[in-house]
Amino acid sequence: VKLLDQLIVAGVLSSDPDKRPDSATVEVYQQGDCSPPQIHHHDFERPICMVTFQSDQRLVMGQKIRVPKAGQFNSDLDVRMPRRSALVFQGNSANVAQQCVPSVSGNFITVTLRVMRPEFKST
């Protein structure tokens, strides 16, 4: 809750209560771990916010991501994700571009915050 409040105060997330994230995915990486290319699921509203912790790492994004060997990914956009940074996905970055985390050089945590579309929420 404190993280959400800080992101709202910083203007990263909307202050609209209906837009407050109701879903969080926490991914914990150790040295050498990676996350394969993926696109954010359409069950979630846009924007989607990813916050990073523990170390500076890279995020690779693009419509076509090449995999020269296990844990290595190349594409049109290579984003440096400093520790304690936030990246907001909306438009093409959320709906078209794939994103992945190449093999990390040290401990790394991502928290992805989303709002489930009302028609997919359990009642």
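Structure's up top.
Before going into details, it helps to say that this report is about the structure given with it. Since the model is a prediction, treat every value here as computed from it, not as a measurement. Residue numbers restart at each chain and count upward from 1, following the sequence in its written direction. Only residues with pLDDT of at least 70 are given local features in this predicted model, and only at 80 or more are side-chain atom pairs given and counted; all residues enter the totals for whole chains, interfaces and linings. Values shown for side chains rest on all heavy atoms present in the structure; no hydrogens or waters enter the calculation.

## Some words on the pairing of strand β4 (residues 57-62)
Part 1 of the argument: Burial classes follow relative accessibility: with a 1.4 Å probe on protein chains only, a residue under 20% of its type's maximum area counts as buried, one over 50% as exposed, and anything between as partly exposed. In DSSP terms, a helix is any run of H or I states spanning at least four residues, a strand is any run of E spanning at least two, and both are numbered starting from the N terminus. In terms of burial, β4 is a largely internal element, 5 of the 6 residues being buried.
Part 2 of the argument: We treat two strands as partners when DSSP finds at least two bridges between them. As paired strands, β4 and strand β5 (residues 77-81) are joined by 5 bridges and run antiparallel to one another. Note that in β5 the partner of M61 across the bridge is L77.

## Considering the state of the cysteines
Between two cysteines, a covalent bond joining their sulfur atoms is known as a disulfide.
Part 1 of the argument: Here, two cysteine sulfur atoms that lie within 2.5 Å of each other are counted as a disulfide. What the rule picks out here adds up to 0 disulfides.
Part 2 of the argument: Of all cysteine sulfurs in the structure, the one in C100 sits closest to C49, which takes part in no disulfide; the separation is 19 Å.
Part 3 of the argument: With relative accessibility at 1%, the residue C49 sits in the buried group.
Part 4 of the argument: Of all cysteine sulfurs, the one in C34 lies closest to C100, which takes part in no disulfide; the gap is 8.2 Å.

## Quick notes on the pattern of salt bridges
Part 1 of the argument: The working definition used for a salt bridge is a side-chain nitrogen of Lys or Arg within 4 Å of a carboxyl oxygen of Asp or Glu. This model, assessed by the stated rule, comprises 5 salt bridges.
Part 2 of the argument: Notably, a salt bridge pairs K19 with E45, separated by 3.7 Å at the nearest N-O pair. Here K19, found in the loop between α1 (2-9) and β1 (23-29), pairs with E45, found in the loop between β2 (35-38) and β3 (48-53); they are 26 residues apart in sequence, far enough to count as distant.
Part 3 of the argument: Owing to a relative accessible area of 39%, K19 belongs among the partly exposed residues under this scheme.
Part 4 of the argument: When its relative accessible area of 16% is taken as the criterion, E45 is described as buried.
Part 5 of the argument: Between D22 and K121 there is a salt bridge, and its shortest N-O distance comes to 3.1 Å.

## Thoughts on the sheet that holds β4
Part 1 of the argument: Across the sheet, 4 strands lie side by side as β2-β7-β4-β5; this open sheet has antiparallel pairing. Edge positions in the sheet fall to β2 and β5, since each of these pairs with one other strand and no more. Strand-to-strand twist of the sheet, defined as the mean angle between neighbouring strand axes without regard to direction, takes the value 20°. Here, axes are lines fitted to C-alpha atoms. For helices the fit covers the stretch in contact, and angles between N-to-C directions go from 0 to 180 degrees.

## Overview of the sheet that holds strand β8 (residues 108-114)
Part 1 of the argument: Sheet architecture is open: 4 strands sit in the order β1-β8-β3-β6, paired in antiparallel fashion. In the strand order of this sheet, the two ends are held by β1 and β6 (86-89), each with one partner. Mean inter-strand twist for the sheet, computed between neighbouring axes without regard to direction, equals 20°.
Part 2 of the argument: Examined bridge by bridge, β3 and β8 share 5 bridges and lie antiparallel to one another. When the bridges of β8 are listed, V51 appears paired with V111.

## Describing the nonpolar core
Part 1 of the argument: Residues enter a nonpolar core if they are buried and are Ala, Val, Leu, Ile, Met, Phe, Trp, Tyr or Cys, with the set joined through side-chain atoms within 4.5 Å. L59, M61, F89 and V101 are the most contacted members of the largest nonpolar core, which totals 14 residues.
Part 2 of the argument: At the level of secondary structure, the elements contributing two or more residues to this core comprise β3, β4 and β5.
Part 3 of the argument: The contact definition used throughout considers only heavy atoms, calling two residues in contact when any of these lie within 4.5 Å. Once you skip the residues sitting within four places of it in the chain, M61 turns out to touch S75, D76, L77, V79, F89, S93, A97, Q98 and Q99.
Part 4 of the argument: Formed by 7 residues, the second largest nonpolar core is a distinct cluster that contains L4, L7, C49 and V51.

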